[in-house]
Amino acid sequence: MKLNAKKCKEMQICFFRNKPELPHLCVEDQILECVSSHNVLGLIIQDDLKWNEHISMIVTKASKRLHILRVLRRGGIPPHDLITIYYALIRSTLEYCCTVWHCGLPMYLSEQVEKIQKRALRIILPGRSYGEAQEMLQCPRLDIRRGELCEKTMKNIALGSRLSSI
């Protein structure tokens, strides 16, 4: 495999308070740029393996898409159709790659993600509490849904390894 030095980055993952000074990596006599975070296929990975930047990015992206729900609600689109649009445009953004980051997510970041769903359901069913809207639209909390997706993924991985050994 030949590496393209212009497209490669160096990220040192270290949990020490004082990071050791290591020599920089070189490819074809070019020193690679050292970064503290990097976007890989839409997933921002940080050198401390925290998810703050990734959650900030998806929350910002999803918040901008809430405007679509507001415009459609004002246009008289029924709640059933609005929830479908929410699932397609907003929840899919909030859950992208969640099997990678869900288990390492602290409660304060999980709540930031959940606030987007609360805002969306308030737009779809104004005047209803979050719990009532969830029940009426059959829309579970996002942390519960992410947990179920992770469990399903792990079961599929386990079943896949058993099937390949047969």
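Residues numbered from 1 in each chain as written. Predicted model: local features only at pLDDT ≥ 70, side-chain atom pairs only at ≥ 80, totals over all residues. Heavy atoms only, no water.

- By the naming in an unreviewed UniProt entry, the protein is RNA-directed DNA polymerase from mobile element jockey, taken from Paramuricea clavata.

**Digging into the pairing of strand β6 (residues 43-46)**
(1) Moving on: The pairing of strand β5 (residues 37-40) with β6 spans four bridges and is antiparallel. Directly across from Asn39, in β6, lies its bridge partner Ile44.
(2) Moving on: Between the end of β5 and the start of β6, which pair antiparallel, lie two residues, with Leu41 showing a positive phi angle near 50°. (Pairing = 2+ DSSP bridges. Helix = DSSP H or I, 4+ residues; strand = E, 2+ residues; numbered from the N terminus.)

**Comments concerning the packing of aromatic side chains**
(1) Moving on: Enumeration according to the criterion identifies one aromatic pair in this entry.
(2) Moving on: Residues Tyr86 and Tyr87 carry aromatic rings whose centres are separated by 5.8 Å and whose planes lie at 50° to one another, so their mutual orientation is tilted.
(3) Moving on: What makes Tyr86 buried here is its relative accessible area of 0%.
(4) Moving on: Cation over ring: Arg91 sits above Tyr87, and NZ or CZ is 3.9 Å from the ring centre. (Phe/Tyr/Trp six-rings, centres within 6.5 Å; stacked < 30°, edge-to-face > 60°. Buried < 20%, exposed > 50% of the residue type's maximum accessible area, 1.4 Å probe, protein only. Lys NZ or Arg CZ within 6 Å of the ring centre and 35° of its normal.)

**Section: the nonpolar core**
(1) Moving on: Ile55, Leu69, Tyr86 and Ile124 are the most contacted members of the largest nonpolar core, which has 29 residues in total.
(2) Moving on: The dominant element in this core, judged by the number of residues it contributes, is helix α4 (residues 107-124), at seven residues.
(3) Moving on: With residues up to four places along the chain from it excluded, the contact list for Ile124 reads Leu69, Arg73, Pro79, Leu82, Ile83, Tyr86 and Leu137. (Core = buried A, V, L, I, M, F, W, Y, C linked by side-chain atoms within 4.5 Å. Contact = heavy atoms within 4.5 Å.)

**Side note on the domain arrangement of the protein**
(1) Moving on: With domains assigned, the protein is organised as domain 1 (1-35) and domain 2 (49-159).
(2) Moving on: In this structure, domain 1 and domain 2 have C-alpha centres spaced 35 Å apart. (Domains from an automatic or database assignment.)

**Points about the side chain of Gln46**
(1) Moving on: Residue placement: Gln46 occurs in strand β6.
(2) Moving on: At 3.1 Å, the side chain of Gln46 and the backbone nitrogen of Asn52 are in polar contact.
(3) Moving on: A distance of 2.9 Å separates a polar side-chain atom of Gln46 from the backbone nitrogen of Glu53.
(4) Moving on: In contact with Gln46, not counting residues within four places along its chain, are Met11, Ser36, Ser37, Trp51, Asn52, Glu53 and His54. (Polar contact = N/O pair within 3.5 Å; in protein donor to acceptor, adjacent residues only side chain to side chain.)

**Some points on the pattern of salt bridges**
As a working rule, side chains carrying opposite charge can pair if their charged atoms are close by.
(1) Moving on: Inspection of the entire model under this criterion finds eight salt bridges.
(2) Moving on: A salt bridge links Lys19 to Asp47, with the shortest nitrogen-to-oxygen separation between them at 2.9 Å. Placement of Lys19 in the loop between β1 (9-10) and β2 (26-27) and of Asp47 in the loop between β6 and α1 (52-74) is noted, with a sequence separation of 28 residues between them.
(3) Moving on: For Asp47, a relative accessible area of 13% puts it in the buried group. (Salt bridge = Lys/Arg side-chain N within 4 Å of Asp/Glu carboxyl O.)

**A few points about the side chain of Gln134**
(1) Moving on: As for its position among the elements, Gln134 is in helix α5 (residues 130-137).
(2) Moving on: For Gln134, a relative accessible area of 14% puts it in the buried group.
(3) Moving on: In this view, Gln134 contacts Gln117, Leu121, Cys139, Pro140 and Arg141; residues no more than four positions away in its chain are not counted.

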